[in-house]
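# A closer look at the structure
Here is what each chain is made of, one letter per residue.
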Amino acid sequence: MLDPLVNLIVELWPVLKRRLKFMVLMFCLGLPYVFVPQVMAEHEVNMYNNFSVTSNQVDGSGDDQSALTEGTSFLNILTVNGKGTISDFNYRYSIGAKATDDSRNDVQKLSLTRLQGRLSNQNHTFTAGDTFAAFSQYSLNTAVKGVSYRYIDNGNNVPDVTVIYGIAYPRWDNFWGLDAVQRHVAGARLQQHVNDDFWVAASYVQSEDQERVNGGSLFDTKTIAFDWEYQPIMGLTISGESAFSDTDESISSVAADDNNKGSAHKLEAIGDGGPSRVVLSYERISPNFMTLLGAATPDREKTEATWRYKFTKKVNLNFGLLWYRDNLGGDLAFRTDNYRPEIGMTVKRMFSRRYSVADVTYKFDRSYGGGNSTKDHHVNLGYRDRFGMFDSDTNVGMTIYKTSSSRDDEEFIYNTTLSTRYTLGSFVLKPSLRLGGWTLDNDLDNIRDRVWEYSIGLGVDIPSMKITSQTRVGANRLDKETGDDLNKMMASVNIYYRPDFLEMFEYSQIYVRGHINDFSYSTNNRDFTENSVTAGLIVRF
Amino acid sequence: MLKKIILLTLFISSLVSTNVMAKWWIFGKSEANVATRYLYLNDVAFNELDEQVTLYRDMLPAGQVVLRGKASSGKSSIGKIEVSLDNKETWQKADKSEDGSFEFSFVPEIDRTYQLYVKILNTSGTSNEVDATYREITVSDSDIDTIIRQALDSMIQAYQVEEPRNFMTWIDDDFAGDYVLLDRAIRKDFTAFDALSLNYTLNSVVSGRNGKVFVTFTFNRQVTSSRSGETFVDQGLTEFIFNVTTAKAKVVAMKNPLIFGLSDAESVATGTVNSDENDENLAVDDDGDLRLGPADGDDDSGSFAAPVNLSVLSYGPYPLLTLQFDAPVYVNAASYRLVVEWSRSTSGPWVLDDEPLMPDPFSGQFGLHARPEVNDPSTIYYRVALERISDNQRSSWSDLVSIP
């Protein structure tokens, strides 16, 4: 009796499959309209719009190096959020769009940036459109355009359940023009609270790529993951995850698929109590473990330990050790081991000064393998304090880079900021001075490169007129022993004004931002100057 | 591998079971018997929260702040559990179950600051360490977009003025690409870059479970290489995941194309954004040189750009031949080897020549013995590629030169 129906589905399936992304899109677009009109009485809508016009001018023979688009362009960002209740359900939706005629802002002139509807009560959550149902680090940790449902148990000893289906496009424009691999994602997660101290979860995620883009690979993956967390005693949390992936990679339409199976495991213990916080973690990810939707670095075995200890009320100590290595499958020509120990100390109220904070850190980078050897030392000193009405923040850092027969560099970084705040009648003045420098000594080639920079800023706020502003002028000089030197002069002005005549809006702001950058190289035909002015209006209601 | 996991599990278990109250991680400093076994604020564990907590109206479940926990009281029974929101001036009873679990919720006022403490008293009158439960809670009216913009603006500002300490305050302890490696990578970025200009516009901002927020944004960037002085421009679409459970949004994951930590993209990025618009993005090689390439930013994942401008610097007396080219990356004998092929025709077949010795330091010039076939009355052609020693990855082939 069901045969005709089955036959019909079988016949229509290829067509349905081709139109699947369009159907998902239509479903997402239509969802808010299904329930919004029913509940206008309890409905709240907020709109945010930011419209700006920018005028850029780039002069000089090296103007092709500028990232600015010459001429006048506009950018408009619109977001509409709504929320309300239907019976015992809360709902929310969000729609966003962006329009611009400057391809540096976006390759699309008009974009649908977000589209989401969510309906939830204490137990059930339905989401359509932009859906971020993060399962676990290795299995699913990215948003998709699709639908999800989540059931949360509230003391009934039934597992929490999440199911999701969608397409892992990074933007809605991928549905109607901008190319991206069409990655269909389906998954489910069960999470069971065994008792108050222990929960365990299982996730299954499957993805299938369609529509090859620029001759790139297509992947079909199946990932199963188990994660858990256990708090055996107060302050101690042990958690872990194990995931197994099975991936088919299609390099081209004529080549046979390449199948890879891999696994990833993670175990972490966090002890947190009194003055101490200790974290121990171990991770092992096989070379063939592939997660297109989660987060993992393949071919890595890693152990990490950190200890943060509040020695006294004024002194904090930090210790850390990270070790990791590759070549777990033995396929590479050699294995590389990396050690990254570090130690740091922060001292507050030094010399009985109320606002002083000093910190010192030492970090060591060691890696070796295949005849290569690297030993880098990083030392950093920082001091913050207040002298009278001036706040100061100074940092000095030194790094020694040593790589066998290819690098022997010493690097110094230093910067200091001095700032204050002074009220003069109805004006609040916020002057600041910043000085910075960087030196790199290459001892192998006997080369020294330097950067000097300074800038002076003045912030002026007029609270009675709802105006804030910031002006900054400065220079940056790159001195290179070989290659082009660069002198960069910069000036910028930002003014923000909340006018009374726009008080009908919940929030409004008119802003003007301008900057001038002048790049001058020792090879004159690379010189260029950028002038940019942006005026905009933000309203929210 | 499984053996190591089991051993580590047994090790941790042994620490737990040896002496529960010793608590090795607080080094002998004892705590009261009366305490919270666990404590969550809107489903986020207390120990993951800073002392100052900002909650955002948009992310409150049913507009409420919910405190949920479980008390333990040693050998005595639990008497009462109270919560103060006003710096211990007044106390309100929490709903308590027989097993010690409790819940307390309130509808907060926007922009008001609550100074929260939890007090547990057992029937003997002993209290927990109340001050250890202190959290200053503020509920902000800011929408999620504003919070994310503040975080990105602050990170870009710190990155542009090269303040690693300030920058890293915006990175979550649970950063998926590893906090320590990102810290090292941005310091290397600061060595590699100068005069950075970076602009972005948000696309989608999607809230998930446990305060996680998924963000996509387009960016454009202009930067000068401090090694070569060359200026690079690129743009693209990328994705971040933020954790919005503390006073500010902190990054827990970043994908290629990266805007931070490019110097160790392999460790920092956890994935690549699936979009055709990311066809050419900035990358930094092991030596700190910049280049434009595919968005995966992974030097080890495939071939790299070819040597260009291959030419004959000198030829003769036979068989002395010196070729030169411009390398796409900083090349030295410790990391790369030269691969040379020759053919009688521009269309091949190509034959592998003896591997020429790469001079150290390498300036783009190298010598080799010309093929004896060059003495035949015909032209022969050469082409060159670079091969990275660490993983045997080979660049594309250069253009051709002919001899004589």
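Heads up: the structure comes first, above all this text.
Residues numbered from 1 in each chain as written. Chains lettered and ligands numbered in written order. Predicted model: local features only at pLDDT ≥ 70, side-chain atom pairs only at ≥ 80, totals over all residues. Heavy atoms only, no water.

### Considerations on the overall build of chain B
- Secondary structure assignment for chain B yields five helices and 23 strands.
- Taking all 404 residues of chain B together, 55% fall into the buried category.
- Of the accessible surface of chain B, which amounts to about 16500 Å², a share of 47% is contributed by carbon and sulfur atoms. (Helix = DSSP H or I, 4+ residues; strand = E, 2+ residues; numbered from the N terminus. Buried < 20%, exposed > 50% of the residue type's maximum accessible area, 1.4 Å probe, protein only. Areas by Shrake-Rupley, 256 points an atom, 1.4 Å probe, with all protein chains shown as cover.)

### A short note on the sheet that holds strand β22 (residues 380-388) of chain B
- Reading across the sheet, the four strands line up as β20-β19-β22-β23 (chain B) and stay open at both edges, with antiparallel pairing between neighbours. Only two strands of the sheet have a single neighbouring strand rather than two, namely β20 (351-352) and β23 (401-403) of chain B. (Pairing = 2+ DSSP bridges.)

### Brief notes about the packing of aromatic side chains
Residue and element names in this part refer to chain A.
- Here the structure, examined in full by the defined rule, presents 28 aromatic pairs over all chains.
- Relative to Phe-319, the ring of Trp-307 has its centre 5.2 Å away and its plane inclined at 20 degrees; by these criteria the two rings are stacked. Of the two residues, Trp-307 sits in strand β14 (residues 300-310) while Phe-319 sits in strand β15 (residues 315-325), which places them 12 residues apart along the sequence.
- On the basis of relative accessible area, Trp-307 is assigned to the partly exposed category, the value being 24%.
- Judged by its relative accessible area of 30%, Phe-319 is partly exposed.
- Stacked on the ring of Tyr-138, the Lys or Arg Lys-266 has its end atom at 5.7 Å from the ring centre. (Phe/Tyr/Trp six-rings, centres within 6.5 Å; stacked < 30°, edge-to-face > 60°. Lys NZ or Arg CZ within 6 Å of the ring centre and 35° of its normal.)

### So, the nonpolar core
Residues and elements named next belong to chain B.
- Ile-148, Phe-167, Phe-242 and Phe-260 are the most contacted members of the largest nonpolar core, which has 48 residues in total.
- For this core, the element with the most residues is helix α2 (residues 144-160), which contributes nine residues.
- With residues near it in sequence (within four places) discarded, Phe-260 still touches Met-155, Ile-156, Tyr-159, Phe-167, Ile-186, Asp-189, Leu-198, Phe-240, Met-254 and Val-268. (Core = buried A, V, L, I, M, F, W, Y, C linked by side-chain atoms within 4.5 Å. Contact = heavy atoms within 4.5 Å.)

### A few points about the interface of chain B and chain A
- Facing the 96 residues of chain B at the interface are 125 residues of chain A.
- Here chain B meets chain A over a buried area of about 9200 Å², counting both sides, of which 47% is carbon and sulfur.
- Along the contact surface separating chain B from chain A lie 10 salt bridges.
- Arg-114 of chain A serves as the salt-bridge partner of Asp-145 of chain B, at 2.9 Å between the closest nitrogen and oxygen.
- Listed by contribution, the elements that provide at least two residues to the side of chain B that touches chain A are α1 (2-18), β1 (34-41), α2, α4 (179-192), β11 (193-207), β12 (212-225), β13 (231-243) and α5 (265-268) of chain B.
- Among the elements that make up the side of chain B that touches chain A, the one with the highest residue count is β12 of chain B (10 residues).
- Grouping the amino acids of the side of chain B that touches chain A by side-chain chemistry returns 32 nonpolar, 28 polar and 36 charged. (Buried area = accessible area lost by both parts, 1.4 Å probe. Salt bridge = Lys/Arg side-chain N within 4 Å of Asp/Glu carboxyl O. Nonpolar A, V, L, I, M, F, W, Y, C, P; charged D, E, K, R; others polar.)

### A look at the pattern of salt bridges
- Counted by the stated rule, this structure contains 44 salt bridges over all chains.
- Linking Asp-183 of chain B and Arg-187 of chain B is a salt bridge whose minimum nitrogen-to-oxygen distance equals 3.4 Å. You can see Asp-183 of chain B and its partner Arg-187 of chain B sitting in helix α4, four residues apart, about one turn around the helix.
- For Arg-187 of chain B, a relative accessible area of 14% gives the class buried.
- One salt-bridge network, in which partners are shared between bridges, spans Lys-98, Asp-106, Arg-171 and Asp-173 of chain A together with Glu-277 of chain B.

### What to know about empty space enclosed by the protein
- Within the structure shown, the criterion is met by nine cavities of 30 Å³ or more.
- In this model, the largest cavity occupies a volume close to 190 Å³.
- What lines the largest cavity is a set of 18 residues, among which Asn-380, Gly-397 and Ile-413 of chain A together with Pro-164 and Arg-187 of chain B lie closest to the centre.
- Elements represented by at least two residues in the lining of the largest cavity include exactly β18 (372-387), β19 (390-403) and β20 (407-419) of chain A together with α3 (164-168) and α4 of chain B.
- The element best represented in the lining of the largest cavity is β19 of chain A, accounting for five residues.
- Its residues assigned to classes, the lining of the largest cavity shows seven nonpolar, six polar and five charged. (1 Å grid on protein atoms, 1.4 Å probe; cavity = no way out; pocket = protein on both sides within 12 Å on 5 of 7 lines; lining within 4 Å. Points joined across faces, edges and corners; volume = space filled by probe spheres on them.)

### Here's the deal with the sheet that holds β13 of chain B
Residues and elements named next belong to chain B.
- With antiparallel pairing, four strands are arranged side by side in an open sheet as β11-β12-β13-β14. Strands with a single pairing partner mark the edges of an open sheet, and in this sheet they are β11 and β14 (250-254). Recorded for the sheet is a direction-independent mean angle of 35 degrees between the axes of neighbouring strands.
- Each of β11, β12, β13 and β14 is contacted by α2, which is oriented at about 165 degrees to β11, the strand it contacts most.
- Sheet contacts for α4: β11, β12 and β14; angle to β11, the most-contacted strand, approximately 135 degrees. (Axes fitted to C-alpha atoms, helices over the stretch in contact; angles between N-to-C directions.)

### Some remarks on α4 of chain B
Residue and element names in this part refer to chain B.
- Here α4 spans 20 Å end to end across 14 residues, near enough to the 20 Å set by a 1.5 Å rise per residue.
- Counting buried residues along α4, 12 of its 14 residues qualify, which places the element largely inside the surrounding structure.
- Listed as buried for α4 are Val-180, Leu-181, Leu-182, Asp-183, Arg-184, Ala-185, Ile-186, Arg-187, Asp-189, Phe-190, Thr-191 and Ala-192.
- For α4, the side-chain oxygen to backbone nitrogen distance between the N-cap and Val-180 is 2.9 Å, and the N-cap itself is Asp-178. (Expected span 1.5 Å × (residues − 1). Polar contact = N/O pair within 3.5 Å; in protein donor to acceptor, adjacent residues only side chain to side chain.)

### Observations regarding the pairing of strand β24 (residues 467-479) of chain A
All names here are of chain A.
- Taken together, the 13 bridges between strand β23 (residues 447-462) and β24 define a ladder with antiparallel strand orientation. By the bridge assignment for β24, Arg-450 is matched with Asp-479.
- Counting the residues between successive antiparallel strands, the hairpin from β23 to β24 contains four residues, one of them, Lys-466, with a positive phi of roughly 55 degrees.
- Relative to strand β25 (residues 486-497), β24 runs antiparallel, the two sharing 12 bridges. By the bridge assignment, Thr-468 is partnered in β25 with Tyr-496.
- Between the end of β24 and the start of β25, which pair antiparallel, lie six residues, with Gly-483 showing a positive phi angle near 95 degrees.

So, to be careful, I would describe these as geometric facts and stop short of saying anything about function.
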